[in-house]
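Each chain, letter by letter, is given below.
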Amino acid sequence: MEDNAWTIQQREQQAVDAYCQKHGIEQFMEELVSEYLSERPKDLTPKEFFAQKLRTQLGDEVSPTGQVPSSARQLFEATKKIMSEIVPKETIRVIIEESLKLLSCDRISLFVFDKRLEMLVLNASNLEQPIRVRPGQGIAGKVFRSGQMVNIADCYSDPQFDQSFDKESGYRTQSLLAIPIVDFGGTLLGVIQAINKLGDAGKSFGPTDEILLGNLADQVSVALQNAEFYRAAIVSSERATALLQMMQFMTQDLGAQSLMLSVATHASELVRADRCTVFLVDDRAGELISIANESGQEIRLPKSYGIAGECASQNKLIVIDDAYEDARFDPESDKGYRTRSIIAVPVKRPPAKDSVCAVIQMINKQDFDDEIGRFDEEDVQVLETLATFVATQLAESTLLVSAAKHGKGHDTLEAMPEHVPEHRGSFRSPRHNDATMKAVIEEEEEED
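Right, let's walk through the structure included here. Fair warning: this is a prediction, and the values are worked out from it, not measured in the lab.

### Overview of the environment of Asp 274
Relative to the helices and strands, Asp 274 is located in strand β7 (residues 273-282). A C-alpha to C-alpha distance of 5.4 Å links Asp 274 and Asn 364, two positions 90 residues apart in sequence. Of note is the side chain of Asp 274, whose polar atom sits 2.5 Å from the side chain of Tyr 337.

Here's what the structure looks like:
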């Protein structure tokens, strides 16, 4: 037992000696002690002297009188300005501006993870519009994946660095410091990256820069979360307002055509979609019926046509993130327009809800950075709630009631006037205008 204990003690001592030798700890301590004995300061204890020397070596100008280092003051001022913003775009702008001054570097890049897109959204001091980066792509993507800081003194000698961007832009990245942004729960929110330390030629980011950017990243995490809460509150408020306006309009005694136009006019505001089309289902004729935006005339399609047709025929919700990657989408239908994200929600005929009386189709989710995003679970919940309300209104509409009285059943829309315009391009239409809707309502009132 004694030999074993002695052996373990020897190994531990060898490990400590190797660590001290690797990091130059013995030499470092000798230099500190030699400086203290050489200067023999009267107003500082050894501990205070050693602390001052360490901070000085890290780049902070600490005076014997205990004044706050200039870098600490800069960090405080940067934090104060960042935390004073709550609007998402302004928050990002201030983070970039203050980081540039604090780190004294040429460029700052802020990567914020978007859970809905599962992408890092890059905002940078040299970019007019944000771009999207996949987690794991580039050095910032790897920092996000690993959660570990990266400090590169010479990027072109580091195999991790991708030189393709520099070659395309003509810019030369010399030094780089990237630090993960982590909230208090340990969740990764993004990455803040500083490029090309200013000052002496070839100067890289030092330990002080790492400390400053690391502390700033903690404050950035709080600011980003506050901005996200603000964004969510605004979205909820806009949705509630749009839904209230729509319901107020739809409580009127509307015909099917004006009801369709009302939904198409206001529904896109609920989920920030670029386009919205509502299709009525005529089971007897085997057709989908929509209203053209420009003329107020109806458009008839085969019930099995396209995404809306599948939604109607199979009574199912369809959400597509990238239309061109989905075999059900016909790219030929895009004429001077690029369809990316699609959501088609069935309006289920009450009370059994075993068949579909209409389809609400949205195209191209508009994100807050004006990029095209994907429809998320919140959008699905809002549109399904809307679909339930529309189903009730359609069941009580004068059009369907009239059809039922004539013994045609609940699955026919023959009472709808026959206007079949020539089809050119896509059957999708942009947001319908109020003038068209008003004209349709007046036409229905005259027919009644």
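There is more to say after this.
### A word on the sheet that holds strand β6 (residues 188-197)
Reading across the sheet, the 6 strands line up as β3-β2-β1-β6-β5-β4 and stay open at both edges, with antiparallel pairing between neighbours. Every other strand in the sheet has two partners, leaving β3 (131-133) and β4 (150-152) as the edge strands with one partner each. The sheet shows a mean angle of 20° between the axes of neighbouring strands, direction not considered. When strand β1 (residues 105-114) meets strand β2 (residues 119-124), the two strands line up antiparallel, connected through 6 bridges. Bridge assignment links Phe 113 to a residue of β2, and that residue is Leu 120. In the packing of helix α5 (residues 88-103) onto the sheet, contacts are made with β1, β2, β5 (176-182) and β6, and the angle to β1 comes to roughly 145°.

### Concerning the nonpolar core
In terms of nonpolar packing, the biggest core is built from 30 residues, with Val 263, Val 347, Ile 360, Met 362, Leu 386 and Leu 394 touching the most fellow members. When residues of this core are traced back to their parent elements, those giving at least two are α8 (207-250), α9 (256-271), β7, β11 (342-348), β12 (356-366) and α11 (377-395). Of all the elements, α11 adds the most residues to this core, at 8 residues. The next biggest cluster of nonpolar side chains, apart from the first, holds 26 residues, and it includes Leu 75, Leu 110, Leu 177 and Leu 212.

### Digging into a negative patch on the surface
A contiguous patch of negative charge on the surface is contributed by Asp 17, Glu 26, Glu 30 and Glu 31. A per-element tally of the negative patch places helix α2 (residues 25-39) first, with 3 residues. With respect to the helices and strands, Glu 30 occurs in helix α2.

### Brief notes about the packing of aromatic side chains
Here the structure, examined in full by the defined rule, presents 3 aromatic pairs. Geometrically, the ring pair formed by Tyr 324 and Phe 329 is tilted, given 5.5 Å between the ring centres and 55° between the ring planes. Under the relative-accessibility criterion, Tyr 324 is labelled partly exposed at 33%. Taking the ring centre of Tyr 171 as reference, the NZ or CZ of Arg 107 above it sits at 3.5 Å. A cation over an aromatic ring shows up here: Arg 275 above the ring of Tyr 337, its NZ or CZ 3.6 Å from the ring centre.

### So, α5
In an α-helix, one turn spans 3.6 residues, which is why side chains three or four residues apart end up on the same side. The end-to-end C-alpha distance of α5, which contains 16 residues, comes to 22 Å, matching closely the 22 Å that a straight helix rising 1.5 Å per residue would cover. Those residues of α5 lying buried are Thr 91, Ile 92, Val 94, Ile 95, Ile 96, Glu 98, Ser 99, Leu 102 and Leu 103. Two residues or fewer after α5 comes Ser 104, characterised by a positive phi angle close to 50°.

### Notes on the layout of surface pockets
Counted as a void, the second largest pocket has a volume near 570 Å³. Lining the second largest pocket are 24 residues, and of these Phe 111, Leu 122, Gly 138, Phe 165 and Gln 193 lie nearest its centre. Residue assignment for the lining of the second largest pocket shows that the elements contributing at least two residues are β1, β2, β3, α6 (138-146), α7 (164-169) and β6. Residue composition of the lining of the second largest pocket, by class: 13 nonpolar, 8 polar and 3 charged.

What counts and how
Note on numbering: residues in each chain are counted from 1, in written sequence order. In keeping with the predicted nature of the model, local features appear solely for residues at pLDDT of at least 70, side-chain atom pairs appear and are counted solely at 80 or more, and the whole-chain, interface and lining totals rest on all residues. As a convention, hydrogens and water are excluded, and side-chain values are obtained from all of the structure's heavy atoms. Every helix listed is a DSSP run of H or I at least four residues long, and every strand listed is a run of E at least two residues long, numbered separately from the N terminus. Identification of polar contacts relies on pairs of N or O atoms within 3.5 Å, with a donor-acceptor requirement for protein atoms, meaning one able to donate a hydrogen and the other able to accept it, and with residues adjacent in sequence counted only if both atoms are side-chain atoms. Between any two strands, at least two bridges found by DSSP are needed for them to pair. Axes here refer to lines fitted to C-alpha atoms; in helices the fit is confined to the stretch in contact. Angles between the N-to-C directions go from 0 to 180 degrees. Every residue pair with non-hydrogen atoms within 4.5 Å of one another is taken to be in contact. What we call a nonpolar core is a set of buried Ala, Val, Leu, Ile, Met, Phe, Trp, Tyr and Cys residues that are connected through their side-chain atoms within 4.5 Å. Remark: exposure states derive from per-residue accessible area (1.4 Å probe, protein chains only) relative to the maximum for the residue type, with buried under 20%, exposed over 50%, and partly exposed in between. By definition, no residue in a patch forms a salt bridge, and every one has over 30% relative accessible area; like charges are joined within 9 Å, nonpolar side chains (Val, Leu, Ile, Met, Phe, Trp, Tyr) within 5 Å. Shrake-Rupley sampling with a 1.4 Å probe provides the accessible areas, and residues are treated as covered by the protein chains on show and by no other component. Take a side-chain nitrogen of Lys or Arg and a carboxyl oxygen of Asp or Glu: if they are within 4 Å of each other, that pair is a salt bridge. Charge assignment in this entry is limited to Lys and Arg as positive and Asp and Glu as negative, and neither His nor the chain termini are counted. To locate a charge, take NZ of a lysine, CZ of an arginine, CG of an aspartate or CD of a glutamate. Only centres within 6.5 Å qualify two rings of Phe, Tyr or Trp (six-membered ring in Trp) as a pair; their planes then separate them into stacked at under 30 degrees, edge-to-face at over 60, and tilted for everything else. Charge over a ring is defined by NZ of Lys or CZ of Arg lying within 6 Å of the ring centre and within 35 degrees of the ring normal. To estimate the expected span of a helix, count its residues, drop one, and scale the result by 1.5 Å. The way it works is a 1 Å grid over only the protein atoms, where trapped points that fit a 1.4 Å probe form a cavity and open points with protein on both sides within 12 Å along at least five of seven lines form a pocket, and then any residue with an atom within 4 Å of a point lines it. Grid points are joined across faces, edges and corners, and a volume is the space filled by probe spheres set on the points. The residue classification treats Ala, Val, Leu, Ile, Met, Phe, Trp, Tyr, Cys and Pro as nonpolar and Asp, Glu, Lys and Arg as charged. All others, Gly included, are polar.

From the geometry alone we can't say anything about function, so treat these as descriptive.
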